[in-house]
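Observations on chain architecture
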Amino acid sequence: MPLYEGLGSGGEKTAVVMDLGEAFTKCGFAGETGPRCIIPSEIKKPDVTKPVRVVQYNINTEELYSYLKEFIHMLYFRHLLVNPRDRRVVIIESVLCPSHFRDTLTRVLFKHFEVPSVLFAPSHLMSLLTLGINSAMVLDCGYTESLVLPIYEGIPILSCWGSLPLGGKAIHKELEYQLLEQCTVDTGLAKGQSLPSVMGSVPEDIVEDIKVRTCFVSDLQRGLKIQAAKFNIDGTTERPSPPPDVDYPLDGEKILHVVGPIRDSVVEILFEQDNEETSVATLILDSLVQCPIDTRKQLAENLVVIGGTAMLPGFLHRLMAEIRYLVEKPKYKEALATKTFRIHTPPAKPNCVAWLGGAIFGALQDILGSRSVSKEYYSQTGRIPDWCCLNNPPLEMMFDVGKAPPPLMKRAFSTEK
């Protein structure tokens, strides 16, 4: 429960802010400086050995409804310990979130938990609230993808977004492949056994822990040499000297030897240019080229990087070096007049920046009240408007003079009955 709430301040209770990521969910209260809990976005089913991921887009609606119902019940009654009927909800969502997922999530919140109101807030826009700026190029490096979206004067420029399937999931896949291929395990019985002979596959939570504890991003020159050695056909290019090997305890008896070359090479997949010459760095530049010419300078000087993958050591330094290296190439040199790029440092870790923006927005109760979608509005219309439509009446009511549109939400602390 938020601090001093029990004293009865006379105002309305603070909103619940949820950021449902594909790997981890951040959840807490508006007006606080950090989430109350960061937990895996998964639930355990009695008949299934592996946990089931909650954020799935390719399953049928009823199955998704049951997963979300169970997961949000756990958030409210195990982690937040509050009554859902008392509090508004702010959901931080990606601009690529499919309609059927947000519709199902809305149905769970309104029909099952009976929350008073829901607001879906774009994650890229919320991250700017933490910095107090209204124009920036926002890159979200998450679990499944890296998504870039320019925001100018508080308006997302949706025609200039770009995305690549490069994120934590791609790094985990590459890391598991290299671990199984190159690493050995010491057990109580023998030393130097190959990893596949001891365990057929490495659980993803262990792969993630190895990534977080041992892997890092090299600088530009070293990274280019690693890529050249990886794609070396004639065998003449030498790889730079690897970092030291690391011993990683799998359990009480097994110790995994993580060889040095793996530690700095797995993250290179984010910066290797594929056949279409795209990487995480080119995402930003390609999006910038698509933006209106008079916005480019301001956007280039206001880069914001969020998402859990951006927390890897050396990521931001390498990203800036890649951008400065690529902007001198003919493809971008002619199109982009600006050569100045700056990255902001938000007041939170990259994986919590969007949540913190939602917590700031949720604390502005007067504004939150006028932009949230109320339970009455949802029960009458059965739909949830997009962020850009929240101040406009629904299209079907614009030409019907005799019919007044249902209110989205009464203003907080309003005197209206």
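Structural data are supplied above this passage.
Along each chain, the written sequence defines residue order, and numbers are assigned to residues from 1. Local features in this predicted model are restricted to residues of pLDDT 70 or higher, and side-chain atom pairs are both shown and tallied only at a pLDDT of 80 or more, whereas totals for entire chains, interfaces and linings draw on every residue. Values reported for side chains reflect all heavy atoms of the structure, with hydrogen atoms and water molecules removed beforehand.

Next up on the list: the overall build of the chain. The helix count covers DSSP runs of H or I at least four residues long, the strand count covers runs of E at least two residues long, and both are numbered beginning at the N terminus. For the chain, the helix and strand inventory stands at 16 helices and 17 strands. Expressed as a percentage of the 417 residues in the chain, the buried residues total 49%. Two residues form a contact once any of their heavy atoms are found within 4.5 Å. Considering only contacts in the chain between residues 6 or more positions apart, those separated by 24 or more positions represent 68%. By element, 54% of the accessible surface of the chain is carried by carbon and sulfur atoms, the whole surface being about 20,400 Å². Each residue is placed in one exposure class: buried if its accessible area under a 1.4 Å probe, protein chains only, is under 20% of its type's maximum, exposed if it is over 50%, and partly exposed if it falls in between. Accessible surface area values rest on a Shrake-Rupley calculation with a 1.4 Å probe, where residue burial reflects the displayed protein chains alone.

In a helix, the anticipated span is given by 1.5 Å times the number of residues less one. The end-to-end C-alpha separation of helix 4 (residues 168-182) is 21 Å, in line with the 21 Å expected for 15 residues at 1.5 Å each. Listed in full, the buried residues belonging to helix 4 are Gly168, Ala170, Ile171, His172, Glu174, Leu175, Gln178 and Leu179.

The next subject is the sheet that holds strand 1 (residues 16-20). For two strands to pair, DSSP has to find at least two bridges joining them. Read from one edge to the other, the open sheet built from six strands follows the order 3-2-1-6-7-17, with strand pairing classed as mixed. Each end of this open sheet is capped by a strand with a single partner; those strands are strand 3 (37-40) and strand 17 (373-374). Pairing of strand 1 with strand 6 (residues 89-93) involves four bridges; the strand directions are parallel. In the sheet register, methionine 18 faces strand 6, and the bridge partner there is isoleucine 91.

We now examine the side chain of serine 218. Inspection of the secondary structure assignment puts serine 218 in the loop between helix 6 (204-214) and helix 7 (220-230). Overall, the relative accessible area of 2% leaves serine 218 in the buried class. Non-local contacts of serine 218, meaning those with residues more than four positions away in its chain, are made with Gly223, Ile226, Asp264, Glu268 and Arg318.

Here we take up the pattern of salt bridges. We count a salt bridge whenever a side-chain nitrogen from Lys or Arg sits within 4 Å of a carboxyl oxygen from Asp or Glu. Following the criterion strictly, the structure yields 18 salt bridges and no others. We note a salt bridge from glutamate 32 to arginine 36, for which the minimum N-O separation is 2.8 Å. For arginine 36, a relative accessible area of 38% puts it in the partly exposed group. Between arginine 239 and aspartate 264 there is a salt bridge, and its shortest N-O distance comes to 2.5 Å. Separated by 25 residues along the polypeptide, arginine 239 in the loop between helix 7 and strand 14 (246-249) and aspartate 264 in helix 8 (residues 260-265) bring together distant segments of the chain. Take arginine 239: its relative accessible area is 28%, and that puts it in the partly exposed class. Aspartate 264 gets classed as buried once you look at its relative accessible area, which sits at 0%.

Once that is clear, we can look at helix 9 (residues 280-290). Taken across its eleven residues, helix 9 has eight buried, putting it largely inside the fold. Turning to helix 9, its buried residues are Val280, Ala281, Thr282, Leu283, Ile284, Leu285, Ser287 and Leu288.

What follows deals with a nonpolar patch on the surface. On the surface, Val95, Leu96, Leu158 and Trp161 cluster together into a nonpolar patch covering about 330 Å² of accessible area. What makes leucine 96 partly exposed here is its relative accessible area of 31%. Like charges within 9 Å and nonpolar side chains (Val, Leu, Ile, Met, Phe, Trp, Tyr) within 5 Å are joined into patches, using only residues over 30% in relative accessible area that form no salt bridge.

Attention now goes to the packing of aromatic side chains. Each pair of aromatic rings taken from Phe, Tyr and Trp, with Trp reduced to its six-membered ring, is defined by centres within 6.5 Å and is described as stacked if the planes are under 30 degrees apart, edge-to-face if over 60, and tilted in the remaining cases. Under the counting rule described, the total for this entry stands at five aromatic pairs. Arranged with centres 5.4 Å apart and planes meeting at 85°, the rings of tyrosine 57 and phenylalanine 101 form a pair that is edge-to-face. A residue pair is termed long-range when its members are at least 10 positions apart, and tyrosine 57 in the loop between strand 5 (52-53) and helix 1 (61-80) and phenylalanine 101 in helix 2 (residues 99-112) qualify at 44 residues. Counting every residue linked through ring pairs, the aromatic cluster contains Tyr76, Phe77 and Phe113. We call a charge positioned over a ring when the NZ of a Lys or the CZ of an Arg lies within 6 Å of the ring centre and within 35 degrees of the ring normal. Directly above the aromatic system of phenylalanine 120 lies the positively charged group of arginine 102, at a separation of 4.7 Å from the ring centroid.

Now for the sheet that holds strand 13 (residues 193-194). As summarised here, the arrangement of the four strands in space is 13-12-15-14, forming an open sheet in which the pairing is antiparallel. The open sheet has two free edges, formed respectively by strand 13 and strand 14, since each of these has just one partner strand. Docked against the sheet, helix 6 engages strand 14 and strand 15 (255-258), running at close to 145° with respect to strand 14. Angles run from 0 to 180 degrees between N-to-C directions of axes, and those axes are lines fitted to C-alpha atoms, restricted for helices to the stretch in contact.

Let us now look at the packing of helix 9 against helix 11 (residues 315-326). Look at helix 9 against helix 11: their axes get within 9 Å of each other, and the N-to-C directions meet at 55°. When the axis of helix 9 is compared with that of helix 11, the two are oblique. The two elements helix 9 and helix 11 cross, and the hand of that crossing is right-handed. Along the contact surface, helix 9 presents Val280, Ala281, Thr282, Ile284 and Leu285, while helix 11 presents Phe315, Leu319, Glu322, Ile323 and Leu326. Note on terminology: angles under 35 degrees are roughly parallel, angles over 145 are roughly antiparallel, angles of 65 to 115 are roughly perpendicular, and the others are oblique. Left-handed describes a crossing whose near helix is turned anticlockwise from the far helix by less than a right angle; the clockwise case is right-handed.

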